[in-house]
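Structural overview
Listed here are the chains, written in short residue letters.
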Amino acid sequence: MSSRVVRIGTVAATVLLLAVAVIGLLRGGPAPVDRAYELEQRLRCPVCKSVSIAESGSDTAVAMRQVVTEQIAAGRSDAEIVDYFRARYGDWVLLDPPARGSTGLVWLLPAAAAPLGVMLLLTRRRPEPAPALSGSDRERVSAAVERIRAAEREDEL
Amino acid sequence: MTTVIPAAGWAGALLGLAASLVLAVLGFRVQRRPDAVRHRQLHTTVWCMLGGAALAMLALEVALLTDNFALAYVAENHTRSSSLLFTLTTAWSGLGGSLVLWALVLAGYTAVVARGVRSTDDRLGTGALAIMGVVGVFFFGLITTAANPFEILAIPPADGPGPNPLLRDHVMVAFHPPMLYLGYVGFTVPFAFAMSALLLRRGGVDWLRRTRRANLVAWSFLTGGLVLGAWWSYEVLGWGGYWAWDPVENAALIPWLVATAFIHSSVVQLKRGMLQAWNFVLVLATFALTILGTFLTRSSVVVSVHSFSQSAVGPALLAFFVLVLGGGFTLFALRGERVASLSRPESLASREGLFLVNNLLLSLFAFVVLLGTVYPILVEAVTGSQVSVGRPYFDRMGVPLAFGLLLAMGVGPFTPYRRATGTVLWARLRVPLLAASAAAAGVVLAGVRSVGVAAVVALAVLMAAGTVRQLWVSVPGRRPGDLARLLRGQRAYWCGQLAHLGVALVAVVIAVSGGLATRATVILDRGESTGFAGYAVTFERSEEHRWPDRLVTDAHIVFRSGGQVVRVDEPRLNSFPGRPQAVGTPSVWSTPTRDIYVALADLSPERITLNLYRYPLMAWMWVGGLLVVAGGFWAVSGRLRGRGGEPVPVAEEVATRV
C-alpha cells in the first residue's frame, strides 16, 4: 500500500515540477535577444581567419559592428542587414550559409542522412534460417564437442 | 661540426624509413607463412624503427638547443632569444618537426604492439605490424622527402624569426600538440589490427580485444588534447571563447566523435556479438579521418588560425587518405561478408538498442562536422566561388544531436540488455526523473529564462542521479570496502559513467556559459571607470616592458567592489621582432561561480578598448574535461589486470537487482 502511495507521489511530483518549469519558461517569454550580437555572429570577418565579426578585434570588424548597430537603430530587419553585407562581400560573408544555391547541399545532405540512418536503425534483418547440417557434419560436431568435454574433465581432475 | 647533428637526424629518419619498409615486407610475409621469418627479426626491425625516430627527434632538439642555424628547420622556426621551454617545443612548432614527432609516436605504438606479438604464429599481430610498417613508410617518407627538417643551408643566418607567436606564448604548447599526436597516431593500432583481421578473413572479437587498450589510450589522449586545446584557445586567443568551429579544431573533433562511437559499438560486439562489420567501418573511418585531419591542418587548403605551415606535403597526405579509404574499404567490401554478424538487437528499447542510437547520433554528428568543414573547399574546387560555413551552421546542426546524445546517456546505461520493459525502466528512472524535473523547476524558479539551459541541466541531473542510484543499488554492502570492490569489479562500466558525468558537466557549462553570458565592449580613457558585472572597472595605466624575446604592452585594469580594490587584471599585447602580428594575452579572473575575461581590443597610452565577458561556471568546463579523460585512463588501467580474462557481464547481474 505504502509503496503505491510512494509511486503515485513520485509521478505527481515529477509532473508538478515539470509543469512548474514549463510554465515558468512560457510565462517568462523568450529571453531578451541581443540582436546585434546574434547578427554579428553570422557575419564573417573579411580580414581575419575564419572568425565572425563578433569575435574579431580587427578594425574592419569594429567598423562592421558599428554598421550593424546603426542599422538596428535605424529599424532595419535582420534580413535587410544581412543582405546589405551580402551585397558588399558576397555569399562568403555569411557564416550561416543560405539553404539554396551552391550552399543548399550543406543543409540538404544531413537532412537526408538523418532519416536514412533512422530507417537503417529500424529495419531489422530477419536472420536467415541456418541450413540443416548434413549427417557427416553433425557427427564431426558431436565428436568435437565430446573431445572438448573430455579435455575439460581431465583438467578438472 | 655544424653538419654532424643534421647528418645524425637524417640518418635516423632514413633508418626509420628502411626499418618501416622491412617491417611491412617481413610482416606480410610472416602473416602468410608464420615460419618464413624469425620472431627476433621482427623485433629487431621494430627497435630500428623506434631508434631511428628517436635519433631524428633527438638530433632536432640538440640542433635547436645549440642554435644550429645551419639547419633549415632551425633557421625557419627558432630564434636565439627563445626560452628553454619554447626552444624544446619548437621541435613540433613547424611542419617537418611535427612530422618527426608523429613518426616517433607511431614507432612507439608499433613497439608496444610488437611487445604483444609473442610468436610468429600470432598472424593477427604480425599482420598488424605489417600495416603499421606501411603507415611508417609513409610518414618517414614525408620526413625524408617533402618535409625534410634536416636540410642544410649553405649560408646559415645569424638568427631566425622564432616560432609562430601563438606557439611561444603559453606553456600549453608543450602539452597540447603531443597529446593530440598521442591520440591521433594511436588510432593506427586499431586500424592495423582491423586490416590484419580482414586480410586473414577472421572476424570475431580477437582484434577488438587486442586493440581496446590502445584505442582507449588514443581516445583518452585525444580527449585531453581537445580539452587542453579549448583551454588554450580560451586563455590565449583572446576572442572570449574556447571553440570556434575552426576547420582545424573540427579536424580533431571528427575522429574523436567516430572513435567515441567505436568505443560504444565495440562493447555491443563483445557482449552481444553484434555490429561486427560496423566496427570495422568505424575503425577504418577513424584512421582515415585522422589522415584527412592532418591534411586539413598541414596543407594550405583551409584558412585557419591553426594552419602554421604550408607545403608540398598536402598532396601526399591527400593521396595517402585516398589510399587508406580506397584500400581499406575495398578490402572491407571483399571480406566484409565473412566478418559480418547476423544477429540484430531484439528491440531498440535495450542497452544494445540505445548503443545503436548513440552510434547513429555520433556518426551523424561526425558527418555534419565533416560536411561543414570540407564544404567550402569542395564548392571552391567545383564552382570557384567562395562560401563560408561557420558557427551558426554547426550550432544549429549540432545542438539537436547533442541533446539526443545527452538523453541517450541519461537512459542507456540504466537500460538492461536484450529487452527493457516499461516497468523495469520506470523502476530505474523514476527517481532520476524526479530529480531532473526538480532541477529544471529550480533553475526556472531561480530566474533562468533559457529553455536550453533548463533542458541541459535537467538532462545532466538525470544522468547524475541515475548514476548515483545505480551505485546505491549495486553496492553489495554499506562498508567502504564494498564500494571499492564494486568499482574495481565493474570497472569498465563505472569508468564509462565517470566519463559520462564529465560530459554532463561540460554540457551544463557550455549551455550556462553561452546562455547566461554577459558581454560588453567599453572604451576607457586613462583613469575612467565603468560598471561591469557588479564591479567598478577602471583603466589605471598602461606600461611597456621589454622582455628578452618580445615587447609587452599591458594595461592595468582595476576592479573595485564597494570602493575596495578586489582585483587588478593586466591583459597585454605581445609584439615579437620579425613578426607583424601582435598577440594579445587576455586576463582571466576565475572563481568557481564565474569567470571574468578581459581582452584588449585596442590600446594606446591614454585610451583603451576592452572586451569584457562574464561567463558563469566556466571553470567547471575543465573539471568536466578532466573527468572524461580520467574515465578513459582509468578504464585503460583496468585492462592491464584483466588481461585475457573474460569480463564479467556485470550489467546482467545488475539487471536482476532492480
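Residues numbered from 1 in each chain as written. Chains lettered and ligands numbered in written order. Predicted model: local features only at pLDDT ≥ 70, side-chain atom pairs only at ≥ 80, totals over all residues.

**What about the overall build of chain A?**
Basically, it comes down to this: Helix and strand labels come from DSSP, where a helix needs a run of H or I of at least four residues and a strand needs a run of E of at least two; each type is numbered from the N terminus. Atoms considered for the radius of gyration are the C-alpha atoms alone. The globule rule reads 2.2 Å times the number of residues to the power 0.38. Around each residue's C-beta, the other C-beta atoms within 10 Å are counted; 20 or more make the residue buried, 12 or fewer make it exposed, and counts in between make it partly exposed. All C-beta atoms are placed from the backbone.
When its secondary structure is counted, chain A shows six helices and zero strands. In chain A, the succession of helices and strands from N to C terminus is α-α-α-α-α-α. Against the 2.2 N^0.38 benchmark of 15 Å for 157 residues, chain A shows a C-alpha radius of gyration of 33 Å, more extended than a compact globule. Overall, the C-alpha framework of chain A stretches about 90 × 55 × 35 Å when taken along its three principal axes. With 157 residues in all, chain A has 19% of them scored as buried.

**Quick notes on the overall build of chain B**
Cut-off, in case you're wondering: Here contacts are defined at the residue level, using C-beta atoms placed from the backbone and a cut-off of 7 Å between them.
Scanning chain B for helices and strands turns up 20 helices and 10 strands. For chain B, whose C-alpha radius of gyration is 27 Å, the value lies close to the compact-globule estimate of 26 Å for 658 residues. Dimensions of chain B, computed from the C-alpha atoms along their principal axes, are close to 75 × 75 × 60 Å. For chain B, buried positions account for 55% of its 658 residues. Contacts spanning at least 24 positions in sequence make up 74% of the contacts within chain B whose residues lie at least 6 apart.

**Describing the nonpolar core**
Worth spelling out the cut-off: We define the nonpolar core as any set of buried residues of the types Ala, Val, Leu, Ile, Met, Phe, Trp, Tyr and Cys, connected via C-beta atoms lying within 7 Å of each other.
Judged by nonpolar contacts, the single largest core of 236 residues is most densely connected at Ala103(B), Ala440(B) and Val457(B). Among the elements that make up this core, the one with the highest residue count is helix α18 (residues 491-515) of chain B (17 residues).

**Some details on the interface of chain B and chain A**
The condition that has to hold: Residues are grouped as follows: Ala, Val, Leu, Ile, Met, Phe, Trp, Tyr, Cys and Pro are nonpolar; Asp, Glu, Lys and Arg are charged; all remaining types, including Gly, are polar.
Between chain B and chain A, the contact holds 49 residues from the first and 40 residues from the second. Mapped onto the side of chain B that touches chain A, the elements with two or more residues apiece are α13 (351-383), α14 (391-411), α15 (422-445) and α16 (451-474) of chain B. Among the elements that make up the side of chain B that touches chain A, the one with the highest residue count is α13(B) (12 residues). Residue composition of the side of chain B that touches chain A, by class: 30 nonpolar, 13 polar and six charged.

**Some thoughts on the domain arrangement of chain B**
All names here are of chain B. As a reminder of what qualifies: For the domains described, the bounds stem from an automatic or database domain assignment.
When cut into domains, chain B gives domain 1 (1-163), domain 2 (166-346), domain 3 (394-516 + 621-655) and domain 4 (518-616). Centre-to-centre separation of domain 2 and domain 4, based on C-alpha positions: 39 Å. Taken together, the contacts link six residues of domain 2 with 10 residues of domain 4. Residues belonging to the side of domain 2 that touches domain 4 are distributed by class as follows: two nonpolar, two polar and two charged.

**Side note on unusual backbone geometry**
Peptide bonds are mostly trans, and most non-glycine residues show a negative phi. All names here are of chain B. Although it is not a glycine, alanine 533 sits at a positive phi angle of roughly 50°. On the secondary structure map, alanine 533 appears in the loop between β2 (529-532) and β3 (535-547). The backbone of leucine 617 shows a phi angle near 65°, a positive value even though the residue is not glycine. Mapped onto the secondary structure, leucine 617 falls in the loop between β10 (607-616) and α19 (620-641). By the C-beta count within 10 Å, which is 19 here, leucine 617 ends up partly exposed.

**Some details on the packing of α13(B) against α14(B)**
Packed helix pairs are characterised by how far apart their axes lie and by the angle those axes make with each other. Residues and elements named next belong to chain B. Heads up, the condition is: A fitted line through C-alpha atoms represents every axis, and for helices the fit uses only the stretch in contact; the resulting angles, taken between N-to-C directions, go from 0 to 180 degrees. Here the word oblique covers every angle except those under 35 degrees (roughly parallel), over 145 (roughly antiparallel) and from 65 to 115 (roughly perpendicular). Crossings are classed by handedness, with left-handed meaning an anticlockwise turn of the near helix from the far one by less than a right angle and right-handed meaning a clockwise turn.
The contact between α13 and α14 brings their axes to 10 Å, and the two run at 165°. One way to sum up the angle between α13 and α14 is to call them roughly antiparallel. When you trace α13 past α14, the crossing you get is left-handed. Here α13 contributes Leu354, Val357, Asn358, Leu361, Leu364, Phe365, Val368, Val369 and Gly372 to the contact with α14, which in turn contributes Tyr393, Phe394, Met397, Gly398, Leu401, Gly404, Leu405, Ala408 and Val411. Here the residues of the contact of α13 with α14 are counted per class, giving 14 nonpolar, four polar and no charged.

**Let's talk about the pairing of strand β5 (residues 564-569) of chain B**
Residues and elements named next belong to chain B. Here is the rule: When DSSP finds two or more bridges between two strands, those strands count as paired.
Across five bridges, strand β4 (residues 550-561) lies against β5 in antiparallel orientation. When the sheet's bridge partners are listed, valine 558 is paired in β5 with valine 568. Turn length for the β4-β5 hairpin, with the two strands adjacent in sequence and antiparallel, is two residues, and the turn residue glycine 562 shows positive phi of about 60°.

**Overview of the sheet that holds strand β8 (residues 587-590) of chain B**
All names here are of chain B. The four strands lie next to each other as β1-β10-β9-β8, forming an open sheet whose pairing is antiparallel. Looking at which strands have only one partner, the edges of the open sheet turn out to be β1 (518-525) and β8. Averaged over all adjacent pairs, the angle separating strand axes in this sheet is 20°, with direction ignored. Relative to β10, strand β9 (residues 594-604) runs antiparallel, the two being bridged by 10 bridges. Residue pairing for β10: leucine 600 is matched across the bridge by leucine 610.

**Concerning the packing of helix α7 (residues 176-186) of chain B against helix α9 (residues 206-237) of chain B**
Residue and element names in this part refer to chain B. Direction vectors running N to C along α7 and α9 enclose 150°, while the axes themselves pass 7 Å from each other. Crossing geometry of α7 relative to α9 is assigned as left-handed. Taking contact as the criterion, the partners of His176, Met179, Leu180, Leu182, Gly183, Tyr184 and Gly186 in α7 are, on α9, Ala214, Val217, Ala218, Trp219, Phe221, Leu222, Gly224, Gly225, Leu228, Gly229 and Trp232. A class-by-class count of the residues in the contact of α7 with α9 yields 12 nonpolar, six polar and no charged.

**Considering the pairing of β2(B)**
All names here are of chain B. Sheet analysis places β2 next to β3, joined by four bridges and oriented antiparallel. In the strand pairing of β3, serine 529 is matched with threonine 538. Hairpin remark: β2 followed by β3, antiparallel, with two residues in the connecting loop; positive phi at alanine 533, about 50°.

**Let's talk about the environment of Leu198(B)**
Relative to the assigned elements, Leu198(B) resides in helix α8 (residues 188-199). Through-space distance from the C-alpha of Leu198(B) to that of Glu606(B) is 69 Å; in sequence the pair is 408 residues apart.

**A closer look at the environment of Ser587(B)**
All names here are of chain B. Here serine 587 lies in strand β8. A residue is classified by how many C-beta atoms lie within 10 Å of it, and serine 587, with 20 of them, is buried. With sequence-adjacent residues up to four places away left out, serine 587 is seen in contact with Asp569, Glu570, Pro571 and Val598.

**Topic: the confidence of the model for chain A**
How we decide: The quantity known as pLDDT measures the predictor's confidence residue by residue, on a range of 0 to 100.
Per-chain confidence: chain A averages 83 in pLDDT, with 90% of residues scoring 70 or above. In the model of chain A, helix α6 (residues 135-156) of chain A stands out as the element of lowest mean pLDDT, 82, in contrast to helix α4 (residues 78-89) of chain A, which has the highest, 90.

**Re the confidence of the model for chain B**
The predicted coordinates should not be examined in detail at positions where pLDDT is low. Of all residues in chain B, 95% have pLDDT values of 70 or greater, and the mean over the chain is 88. Here the prediction assigns the complex a pTM of 0.90, and the interface score ipTM is 0.82.

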